[in-house]
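Breakdown of the fold
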Amino acid sequence: MDDMLLVAEELSKEYKKVKAVDSVNLHIKKGTIYGLIGKNGAGKTTIMKMITGMATPSSGSFTYSGFEGDKRDAYSRIGALIEAPALLPNLSAYDNIKLKCLAYGIGDDAYIMDKLKLVGLDGVAKRKAGKFSLGMKQRLGIAMALVGEPDFLVLDEPINGLDPQGIVEIREMLMKLNSEKGITILISSHILEELAKIAKDYAIINEGRIIEESTLEDLKLKCRDKIVIKTSNTSPVLPILDSNNFSDYQVIDSNTIYIYERLGDISTLNMEIAKAEIPVESIGVQSSDLEEYFIKLTGASAGGIK
Amino acid sequence: MYLRFLKSELFRASKHKCVYILILVLAAVLFLESIVFLKFSIPGMSQDDVYSMGQEGYSAEGMSESFNMGFNAGRAVSPVVHDEEEDMSEEDIPAYTLSDFWGEGLFYNDDFPTLYWLNVSSSFHLFAVAVFTALFLGSTYKYGYDKNLIVGNRYRFSLFFARITVIAIYSAILLIATFLMTVVYDLLFTGSVDWNLDSSVLGYSLVSFVLSFAFSMIAVFIATLTKNTAASMTVSIMLSMGFLSLGLSIISFVMTYIFPSLPSDFQLVNYTITQNAEALSLQSTGKEVLRALIVAVVYSFLSIEGSLLIIRRRDIG
């Protein structure tokens, strides 16, 4: 537990008898980049609001490592960009950051310009935020979240509206903040491909519930290409796999086996199983990426495809 | 924390265009009011009309009571050249020229404190406070700005009190601006300032400020409740214009009917901020001042408590 920054237990939030978040457990390690994956309306934003103190949980609790009781000290170490960037459009980018700096009692001109430079907006510091494109607003929102040098950065769909170049820049910036300054980052997105490039740990959320919490390694394992054998009973198949020198396989349940190696040997394997007169319902190579895996999981939860 | 928030909110207010626009509008309104109070008896009436009225035994004072800037009615002014008791002769009516406009050539001989009281009691500053409060608070709700400040330092009440301090400061600025503009316009239209200052001016200003603050707290409560700039501005402006008095008059009538023991002159409207602001004068007695202060304190307390209750129960963003 010592390596945990945040542990949430049975966190729930109800809005007028509708459960937006239902008994969520989260374990965010110090120094990680934690990805929260979920469809729109899955409950990602509500979770983020609760753990940043913007919304009061209906039930459950969460603890920041080292901050017991009054969470305000913990909140002081958080920077957040939740939902749309909360900018005042009639103020310049510079003044928007200055406002927050004044409220925090920190920063001078150089500090403000440094934050703007970090997100590539130093050239438009005096331009009104209302004139910014969506991508520029996102960058400014991130810059504002970084005011106060937080230990924990909570970013809700931060790459929304960014062009490909912008996405790369933000990704590199976040990875730099994580590796160089040790900032723990909680990031939500529905662009899974992008999240996969940055996050080290994941939680998949659907209809207010965490379906799965895992590491990148676990996910990669689950998503990599494999031979899938469906049979009425997996037990007699296993000696055949061993005798044919297959070692990287996994028995998923009494009917399913995943084999992660020598995908080209599928015909030989099929023949060996047939020779042993074991009835096979299906055998084939299955490719799966993160997105597919996510759809399978959330679809399963919704009673859909499996 | 409060002081940091105050610094930040003062900076934010300084960037609001409405802060300056409302003072410019106040200047324009006071300009018109001062002209009317000093130079013209009744807008739209010629000197011949005024002369004819005098000949027919009518008083220009009576007509002036129907004049208001849209916010107030019922003030009394004192014509220089005649009063209700005497007929006007043709010589009494000043023959205006353009040069009379700037400098001497008064229709009324109000001294500076009276002109200041006339300008304050027109309640335009309440209108301006209502607009400012709706815009100043409304923008934080509209753009979800509080998310930036509260995440990281969850001192919502400090932020709230910093904001009402800014609104109180702006209320004070509007009253000070009214004072200064009255000086300028008095000088401009009469050629000199008949100061005649005594403690009643200071006392009147302080009670007016307390009433103005109480009114702004009602506007704060409405803005906090509705989270909507247009709705809060509309309701606050209607209150500043005394619209509430219409409903209260009916309620008062019903109450005196149900409770015959109530005094026949019982009027709930006497316990509103706007009514007290308008009724207050430089000559107000201790009882009137006390009532105004009690009304202000009660409204302020209820509005602040109501706002805090909403803030306590509501999530941010």
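The notes below deal with the structure included here.

Conventions used here
One numbering rule holds for all chains: residues counted from 1, following each sequence as written. Note on labels: chains are lettered from A, ligands numbered from 1, in written order. Residues qualify for local features only when their pLDDT is at least 70, as the model is predicted, and side-chain atom pairs are given and counted only at 80 or more; totals for whole chains, interfaces and linings, by contrast, use all residues. Side-chain descriptors were evaluated using all non-hydrogen atoms of the structure, hydrogens and water having been removed beforehand. For the purposes of this entry, the term helix denotes a DSSP run of H or I that reaches at least four residues, the term strand denotes a run of E that reaches at least two, and both are numbered from the N terminus. The cut-offs for exposure are 20% and 50% of the maximum accessible area for each residue type, with area from a 1.4 Å probe on protein chains only; residues under the lower value are buried, those over the upper are exposed, and the others partly exposed. Throughout, a contact is declared for two residues whenever any of their heavy atoms are within 4.5 Å. With residues, only the protein chains shown are counted as cover, and all accessible areas are computed by Shrake-Rupley using a 1.4 Å probe. Accessible area that two parts lose when put together, evaluated with a 1.4 Å probe and summed over both, is termed the buried area. Salt bridge, as used here, is a side-chain nitrogen of Lys or Arg placed within 4 Å of a carboxyl oxygen of Asp or Glu. Under the rule applied, a polar contact is a pair of N or O atoms within 3.5 Å (in protein, one hydrogen donor and one hydrogen acceptor; residues adjacent in sequence only if both atoms are side-chain atoms). Any residue that is not Ala, Val, Leu, Ile, Met, Phe, Trp, Tyr, Cys, Pro, Asp, Glu, Lys or Arg is counted as polar, Gly included; the first ten are nonpolar and the last four charged. Computed over the protein atoms alone on a 1 Å grid, cavities are sets of points where a 1.4 Å probe fits but cannot get out and pockets are open sets with protein on both sides within 12 Å along at least five of seven lines; a residue lines them when it has an atom within 4 Å of a point. Grid points are joined across faces, edges and corners, and a volume is the space filled by probe spheres set on the points. Residues belong to one nonpolar core when they are buried, are Ala, Val, Leu, Ile, Met, Phe, Trp, Tyr or Cys, and are joined through side-chain atoms within 4.5 Å. What a helix is expected to span follows from its residue count: subtract one and scale by 1.5 Å. Strand pairing is assigned whenever DSSP identifies at least 2 bridges connecting the two strands. For helices, the axis comes from a line fit to the C-alpha atoms of the stretch in contact; other axes are also lines fit to C-alpha atoms, and the angle between any two N-to-C directions lies between 0 and 180 degrees.

1. Some thoughts on the overall build of chain A
Counting its secondary structure elements, chain A contains eleven helices and 13 strands. Across its three principal directions, the C-alpha atoms of chain A cover 80 × 40 × 35 Å. Here chain A, with 306 residues, has 50% of them falling under the buried criterion. Excluding contacts between residues fewer than 6 apart, the proportion of contacts in chain A whose partners are at least 24 apart in sequence is 67%. For chain A, the exposed surface amounts to about 13,800 Å²; the carbon and sulfur share of it is 50%.

2. A look at unusual backbone geometry
Phi is positive for K16 of chain A, close to 45°, though the residue is something other than glycine. What makes K16 of chain A exposed here is its relative accessible area of 84%. Of note, K227 of chain B is a non-glycine position whose phi angle comes to about 55°, a positive value.

3. Remarks on the side chain of S139 of chain B
Looking at the element boundaries, S139 of chain B is found in helix 7 (residues 124-142). What makes S139 of chain B buried here is its relative accessible area of 10%. Ignoring sequence-local partners within four residues, the contact set of S139 of chain B consists of L88 of chain A together with R12, H16, A134 and T229 of chain B.

4. Regarding the interface of chain A and chain B
You'll often see interface size given as the accessible area lost when the parts meet. Contacts between chain A and chain B engage 32 residues on the former and 25 residues on the latter. Of the roughly 2,600 Å² buried where chain A meets chain B, counting both sides, 57% is carbon and sulfur surface. The closest approach of N and O atoms between D315 of chain B and K13 of chain A, which form a salt bridge, is 2.9 Å. For the pair chain A and chain B, the interface holds nine residue pairs in polar contact (both at pLDDT 80 or more). The element contributing the most residues to the side of chain A that touches chain B is helix 3 (residues 93-104) of chain A, with seven residues. Counted by class, the side of chain A that touches chain B contains 18 nonpolar, six polar and eight charged residues.

5. Section: the layout of surface pockets
All names here are of chain B. Space inside the second largest pocket adds up to approximately 260 Å³. Taken together, 17 residues make up the lining of the second largest pocket; nearest its centre are Y141, D146, R156, R163 and I311. Secondary-structure elements contributing two or more residues to the lining of the second largest pocket are helix 7, helix 8 (146-150) and helix 9 (156-190). No other element matches helix 9, which puts four residues into the lining of the second largest pocket. The residue makeup of the lining of the second largest pocket, split by class, is seven nonpolar, four polar and six charged.

6. What to know about the nonpolar core
Grouped together as the largest cluster of nonpolar side chains are 110 residues, with contacts concentrated most on Y64, F152 and L186 of chain A together with F132 of chain B. In terms of residues, this core owes the most to one element, helix 9 of chain B, which gives 14 residues. In this view, F152 of chain A contacts L5, L6, I28, I51, Y64, R77, I78, G79, I183, T184, I185 and L186 of chain A; residues no more than four positions away in its chain are not counted. In terms of nonpolar packing, the next biggest core, distinct from the first, is built from 49 residues, V124, V147, I187 and L192 of chain A among them.

7. Notes on helix 6 (residues 164-181) of chain A
An α-helix turns once per 3.6 residues; consequently, residues spaced three or four apart project the same way. With 18 residues, helix 6 of chain A ought to run about 26 Å at 1.5 Å a step, and its terminal C-alpha atoms sit 25 Å apart, in line with that. Lining the buried residues of helix 6 of chain A we find strand 3 (33-38), helix 4 (109-118), helix 5 (134-145), strand 6 (152-156), strand 7 (184-189) and helix 7 (192-196) of chain A.

8. As for the sheet that holds strand 9 (residues 209-215) of chain A
All names here are of chain A. An order of 5-6-7-3-8-9 is seen for the six strands of this open sheet, with the pairing classed as mixed. At either margin of the open sheet sits one strand with a lone partner, and together these are strand 5 (78-81) and strand 9. For this sheet the average axis-to-axis angle between neighbouring strands, irrespective of direction, equals 15°. Sheet topology note: the strand 3/strand 8 (residues 201-206) ladder contains five bridges and is parallel. Residue pairing in the sheet places I37 in a bridge with I204 of strand 8.

9. Points about empty space enclosed by the protein
Tallied over the entire structure, the rule returns four cavities of 30 Å³ or more. What the largest cavity holds in volume is close to 100 Å³. Lining the largest cavity we find 15 residues, and of these A80, L81, I82 and A86 of chain A together with N148 of chain B sit closest to its centre. Those elements giving two or more residues to the lining of the largest cavity turn out to be strand 5 and helix 5 of chain A together with helix 8 of chain B. A breakdown of the residues in the lining of the largest cavity according to their chemical character gives eleven nonpolar, two polar and two charged. What the second largest cavity holds in volume is close to 60 Å³. Around the second largest cavity sit I159, I167, I170, R171, L174, I187, S189, E194, L195 and I198 of chain A, which together line it. Broken down by element, the residue count for the lining of the second largest cavity peaks at four residues, all from helix 6 of chain A.

10. Let's talk about the environment of G138 of chain B
Residue and element names in this part refer to chain B. Topologically, G138 is positioned in helix 7. Sequence spacing of G138 and M233 is 95 residues, and the spatial spacing of their C-alpha atoms is 8.9 Å. Those residues within four positions of G138 in sequence are excluded, and the remaining contacts are T133 and T229.

11. Here's the deal with helix 11 (residues 229-240) of chain B
Residues and elements named next belong to chain B. Between its terminal C-alpha atoms helix 11 stretches 16 Å, which fits the 16 Å expected from twelve residues at 1.5 Å a residue. The elements touched by buried residues of helix 11 are helix 7, helix 10 (199-226), helix 12 (244-258) and helix 13 (273-279). Between the side-chain oxygen of the N-cap and the backbone nitrogen of A230 there are 3.0 Å, and the N-cap of helix 11 in question is N228. After helix 11 finishes, the residue G242 shows a positive phi value of roughly 80°.

12. A few points about the pattern of salt bridges
Residue and element names in this part refer to chain A. For the coordinates displayed, the defined rule picks out 20 salt bridges over all chains. Residues D114 and K115 are paired through a salt bridge, measuring 4.0 Å at the closest nitrogen-oxygen approach. In the salt-bridge network here, residues are joined through shared partners; they are D114, K115, E149 and K181.

Scope: geometric values only; no functional claims are made or implied.
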